[in-house]
Amino acid sequence: MIESPAASLSVVDAASRRRSIRTFVQQPIPREDLEQIIEVASLAPSAFNAQPWRFVVVEDAALKAKLAAAAFNQRQVLSAPAVIVLYTDIVDTIANVNEIMHPGLPAEQREQSVTRIVGFLQEKGEADAESWGAAQGNIALGFLLLAAEGLGYQSSAMAGFDPEAVKQLLGLPANVRVNALVAVGKGAEEGFPHHRHPVSRLAKFV
Ligand SMILES: Cc1cc2nc3c(=O)[nH]c(=O)nc-3n(C[C@H](O)[C@H](O)[C@H](O)COP(=O)(O)O)c2cc1C
């Protein structure tokens, strides 16, 4: 269990209050807060508990300037004290599949699970396996956005960037998929009011 700070919001409040924020107070985020945001994001569920998500937290001003250039100069990259790059790495996941096995699992079951997961991913082929990993990564992205809000920060997710440029800049392996850049900080604007489909447009109850 992660200890929740006294000021943390409920999931409903975090989801209701969260809006994309693109202008931030110019104030660094304490390392423990960034770590807690990522820790909460890492509680996201994933198929086979694969957890293929990985993060790079960019705080260095010069690096952020280069990251902004790779993200079509979106202003939130420069404005945010931290930009969290969320990517997924299936090659790393397969190579270290033992790490994702629950420690309570008996040895035989563990071996069977490893064979099943590795077989499942290898059978898909590289591109499909990477897409599968990226889909898992988007669950962590949702958690990350809620975690930031819940812990007293604002954020904005970005898919508008050149993934190859981001990978090159951060020295990430060629195989990984970059899910999103997430600008994080204390918001210095309100953001837009939510405009969402009503439940009646989205859901059928049968
Ligand atoms: C995966 C993802 C990618 C996004 N990419 C961008 C982006 O590149 N640039 C941007 O300004 N907003 C981006 N957004 C923000 C959306 O436009 C925004 O979430 C949506 O309009 C709803 O507004 P809200 O976040 O304020 O509720 C992205 C959001 C998500 C979830």
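Note that the structure is predicted; figures quoted are calculated from it, not measured.

### With respect to the overall build of the protein
Right, on to step 1. When you go through the protein residue by residue, the secondary structure sums to nine helices and four strands.
Right, on to step 2. Each helix and strand of the protein, ordered N terminal to C terminal, gives the series α-α-β-α-α-β-α-α-α-β-α-β-α.
Right, on to step 3. Radius of gyration (C-alpha) of the protein: 18 Å, near the 17 Å computed for a compact globule of 206 residues.
Right, on to step 4. Dimensions along the principal axes, computed over C-alpha positions, put the protein at roughly 55 × 45 × 35 Å.
Right, on to step 5. A total of 206 residues make up the protein; the buried ones form 38% of that total.
Right, on to step 6. Within the protein, contacts between residues at least 6 apart in sequence are counted, and of these 80% link residues at least 24 apart.
Right, on to step 7. As displayed, the protein offers around 11,700 Å² of accessible surface, 55% of which is attributable to carbon and sulfur atoms.
Right, on to step 8. Considering the protein, the positive charge centre built from 18 side chains and the negative charge centre built from 22 side chains are found 9 Å apart.

### Re a nonpolar patch on the surface
Right, on to step 1. A cluster of nonpolar side chains, contributed by L43, I139 and F143, occupies part of the molecular surface with about 250 Å² of accessible area.
Right, on to step 2. Note on placement: L43 falls in the loop between α2 (31-41) and β1 (53-58).

### A short note on unusual backbone geometry
Right, on to step 1. At N49, a residue that is not glycine, the phi angle is positive and equals roughly 60 degrees.
Right, on to step 2. On the secondary structure map, N49 appears in the loop between α2 and β1.
Right, on to step 3. If you check the backbone angles, F72 has positive phi at about 55 degrees while not being a glycine.

### Description of the pattern of salt bridges
Right, on to step 1. As enumerated under the stated definition, the model contains four salt bridges in all.
Right, on to step 2. Between R54 and D92 there is a salt bridge, and its shortest N-O distance comes to 2.8 Å. With a gap of 38 residues between them, R54 in strand β1 and D92 in helix α5 (residues 90-95) connect regions that are remote in the sequence.
Right, on to step 3. For K167, the salt bridge goes to E164, with nearest N and O atoms at 3.5 Å. A residue pair is termed a helical-turn pair when its members lie 3 or 4 positions apart in one helix, as K167 and E164 do in helix α8 (residues 163-170) at three residues.

### Regarding the site of the ligand
Right, on to step 1. Inspection of the region around the ligand gives 13 residues, with R18, S20, Q74, A159 and R196 positioned closest.
Right, on to step 2. Between Q74 and the ligand, the recorded distance is 2.7 Å, taken from a side-chain N or O atom to a nitrogen atom.
Right, on to step 3. Within the side chain of Q76, an N or O atom sits 3.4 Å from an oxygen atom of the ligand.
Right, on to step 4. Protein chains shield 61% of the accessible area of the ligand, which is 610 Å² for the free molecule.
Right, on to step 5. Here the shell around the ligand is composed, by residue class, of four nonpolar, five polar and four charged.

### Examining the sheet that holds strand β4 (residues 177-185)
Right, on to step 1. The four strands lie next to each other as β1-β2-β4-β3, forming an open sheet whose pairing is antiparallel. Every other strand in the sheet has two partners, leaving β1 and β3 (154-158) as the edge strands with one partner each. Ignoring strand direction, the axes of neighbouring strands in this sheet form an average angle of 25 degrees.
Right, on to step 2. In the sheet, strand β2 (residues 82-88) pairs with β4 via seven bridges, with the strands oriented antiparallel.

### Concerning the side chain of T88
Right, on to step 1. The residue T88 is located in strand β2 in this model.
Right, on to step 2. One polar contact links T88 to N179, side chain to side chain, over a distance of 3.2 Å.
Right, on to step 3. Once residues lying within four places of it in the same chain are set aside, the contact partners of T88 are P52, W53, E130, G133, A134, G137, V176, R177 and N179.

### Considerations on the packing of aromatic side chains
Right, on to step 1. Enumeration over the complete set of coordinates arrives at three aromatic pairs.
Right, on to step 2. A centroid spacing of 6.2 Å and a plane angle of 40 degrees characterise the contact between F48 and W132, whose relative ring orientation is tilted. With F48 in the loop between α2 and β1 and W132 in helix α7 (residues 126-150), this residue pair connects regions lying 84 residues apart in the sequence.
Right, on to step 3. Residue classification places W132 among the buried residues on the basis of a relative accessible area of 13%.
Right, on to step 4. On the basis of an interplanar angle of 70 degrees and a centroid distance of 5.6 Å, the ring pair of F120 and W132 is categorised as edge-to-face. Linking F120 in helix α6 (residues 107-124) with W132 in helix α7, this pair joins segments that are twelve residues apart in sequence.

### Notes on the side chain of Q76
Right, on to step 1. Structurally, Q76 is set in helix α4 (residues 75-79).
Right, on to step 2. In this structure, Q76 is in contact with I21, R22, F24, S156, M158 and A183, ignoring residues within four places of it in sequence.

Criteria and cut-off values
- Residues numbered from 1 in each chain as written.
- Predicted model: local features only at pLDDT ≥ 70, side-chain atom pairs only at ≥ 80, totals over all residues.
- Heavy atoms only, no water.
- Helix = DSSP H or I, 4+ residues; strand = E, 2+ residues; numbered from the N terminus.
- Rg over C-alpha atoms; globule rule 2.2 N^0.38 Å.
- Buried < 20%, exposed > 50% of the residue type's maximum accessible area, 1.4 Å probe, protein only.
- Contact = heavy atoms within 4.5 Å.
- Areas by Shrake-Rupley, 256 points an atom, 1.4 Å probe, with all protein chains shown as cover.
- Lys, Arg positive; Asp, Glu negative; His and termini not counted.
- Charge placed at Lys NZ, Arg CZ, Asp CG, Glu CD.
- Patch = residues over 30% accessible without salt bridge, like charges linked within 9 Å, V, L, I, M, F, W, Y side chains within 5 Å.
- Salt bridge = Lys/Arg side-chain N within 4 Å of Asp/Glu carboxyl O.
- Near = heavy atom within 4 Å.
- Polar contact = N/O pair within 3.5 Å; in protein donor to acceptor, adjacent residues only side chain to side chain.
- Nonpolar A, V, L, I, M, F, W, Y, C, P; charged D, E, K, R; others polar.
- Pairing = 2+ DSSP bridges.
- Axes fitted to C-alpha atoms, helices over the stretch in contact; angles between N-to-C directions.
- Phe/Tyr/Trp six-rings, centres within 6.5 Å; stacked < 30°, edge-to-face > 60°.

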